[in-house]
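So the chains spell out like this:
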Amino acid sequence: TLCGALFYDNFVNQLSGGDKNKEVVMGEFIEISTDGAQPFKGYLALPPSGKGPGLIVYQEIFGVNEAIRGTADYFAEEGYVVLAPDMFWRLEPGVSLTYDDADIRRAFGFFGELDFEAAAQDMKTVTAFLKAHEAVDRQGKGGATQVAALGYCLGGALAYQTAAHCDVDAAISYYGVAIEKQLGLKDRITCPVMFHCGGDDEHVPMEAVEEIRAGFADRDDVLVNVYEGAPHAFANRFRDTYDKSAA
């Protein structure tokens, strides 16, 4: 839709500008619930105006940790109402891991146990909750209620799945894992999508990126960007893989 395209363009412009090292805490954990769904937690960050278009930020395999909360705060400062849902809540509520060896092992354990069918239901709950939030309702372009999905690593795959399963206006996937194995969902996606991929990503190899590119070759509103030499997690400034020029 036109509104979706306008929102997408604005969102992408925000990604390429501003000081990503700002450390302004703007959010808090809240309960996410809709009729008939079991409640769970998420980190909600509001913009200075208190209102704006909605943005779902999906976690890496490390939970809603400092990096994800910081990302939510950054985009809130840029004018979005940001919700980072706890996608591991069915396994262990409140997972927030660091990047040391012990936590990396724990993170892969959670990733291996994640029920993606149940996660799809959580995506629908999160999308519906954010759309109904008073800070988001009718705050998009032209008075529309707009929500986009953004994610990193595991979250990049969840953002892609949200585009297929939920009515969002745009989706942005940073080095989303195993998306090439989910191309059966692509015909369900009607919103603009952007993929950001590292050229030296051991978890999302170039063969996978080319499969994604080929799968969406007929879509001029789907962009696949590759950053040469960038590793996995190149956009995470809390990790030694951070590549400012790519992020």
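Residues numbered from 1 in each chain as written. Predicted model: local features only at pLDDT ≥ 70, side-chain atom pairs only at ≥ 80, totals over all residues. Heavy atoms only, no water.

Quick notes on the overall build of the protein
Alright, step 1. Helix and strand counts for the protein stand at six helices and eight strands.
Alright, step 2. Secondary structure elements in the protein, listed N-terminal to C-terminal, are α-β-β-β-α-β-α-α-β-α-β-β-α-β.
Alright, step 3. Here the protein, with 247 residues, has 53% of them falling under the buried criterion.
Alright, step 4. Considering only contacts within the protein whose residues lie at least 6 apart along the sequence, 68% involve residues at least 24 apart.
Alright, step 5. With the model as given, the accessible surface of the protein reaches about 10,800 Å², and the carbon-plus-sulfur share is 48%. (Helix = DSSP H or I, 4+ residues; strand = E, 2+ residues; numbered from the N terminus. Buried < 20%, exposed > 50% of the residue type's maximum accessible area, 1.4 Å probe, protein only. Contact = heavy atoms within 4.5 Å. Areas by Shrake-Rupley, 256 points an atom, 1.4 Å probe, with all protein chains shown as cover.)

Some details on the packing of helix H4 (residues 116-132) against helix H5 (residues 154-165)
Alright, step 1. The interhelical angle for the contact between H4 and H5, taken along N-to-C directions, is 70 degrees, at an axis separation of 10 Å. Relative to H5, the element H4 lies roughly perpendicular. With respect to the hand of their crossing, H4 and H5 are arranged in right-handed fashion. Contacts between H4 and H5 involve Phe116, Ala120, Met123, Lys124 and Thr127 on the former and, on the latter, Leu154, Leu158, Gln161, Thr162 and His165.
Alright, step 2. Tallied by class, the residues present in the contact of H4 with H5 amount to five nonpolar, four polar and one charged. (Axes fitted to C-alpha atoms, helices over the stretch in contact; angles between N-to-C directions. Parallel < 35°, antiparallel > 145°, perpendicular 65-115°, else oblique. Left-handed = near helix turned anticlockwise from the far one by under 90°. Nonpolar A, V, L, I, M, F, W, Y, C, P; charged D, E, K, R; others polar.)

Description of the confidence of the model for the protein
Alright, step 1. Overall, the prediction assigns the protein a mean pLDDT of 90, with 90% of residues at 70 or greater.
Alright, step 2. Contacts for the low-pLDDT stretch residues 1-8, under 50 throughout, to residues beyond four places or in other chains number 22 contacts.
Alright, step 3. A low-confidence stretch, residues 11-22 (pLDDT under 50), is modelled with 25 contacts involving residues beyond four sequence positions or located in other chains. (pLDDT = per-residue confidence, 0-100.)

Things to note about the pairing of strand S4 (residues 81-85)
Alright, step 1. Counting buried residues along S4, five of its five residues qualify, which places the element largely inside the surrounding structure.
Alright, step 2. Across the two faces of S4 the burial is the same, with Val81, Leu83 and Pro85 and Val82 and Ala84 all buried.
Alright, step 3. Note: strand S2 (residues 40-45) against S4, four bridges, orientation antiparallel. Among the inter-strand pairings, Leu44 is bridged to a residue of S4, identified as Leu83.
Alright, step 4. By the bridge criterion, three bridges tie strand S3 (residues 54-58) to S4 in an arrangement that is parallel. Counted as the bridge partner of Ile56 is Leu83 from S4.
Alright, step 5. Chirality of the crossover, the property in question, places the unit of S3, helix H2 (residues 66-77) and S4 among those that are right-handed. (Pairing = 2+ DSSP bridges. Right-handed = clockwise from strand over helix to strand, strands pointing away.)

Focus on the pattern of salt bridges
Alright, step 1. According to the stated counting rule, one finds seven salt bridges in the structure shown.
Alright, step 2. In this structure, Asp122 engages Arg90 in a salt bridge whose closest nitrogen and oxygen atoms are separated by 2.8 Å. With Asp122 in helix H4 and Arg90 in the loop between S4 and helix H3 (101-113), this pair connects stretches of sequence that are 32 residues apart.
Alright, step 3. Residue class for Asp122 comes out buried when judged on its relative accessible area of 3%. (Salt bridge = Lys/Arg side-chain N within 4 Å of Asp/Glu carboxyl O.)

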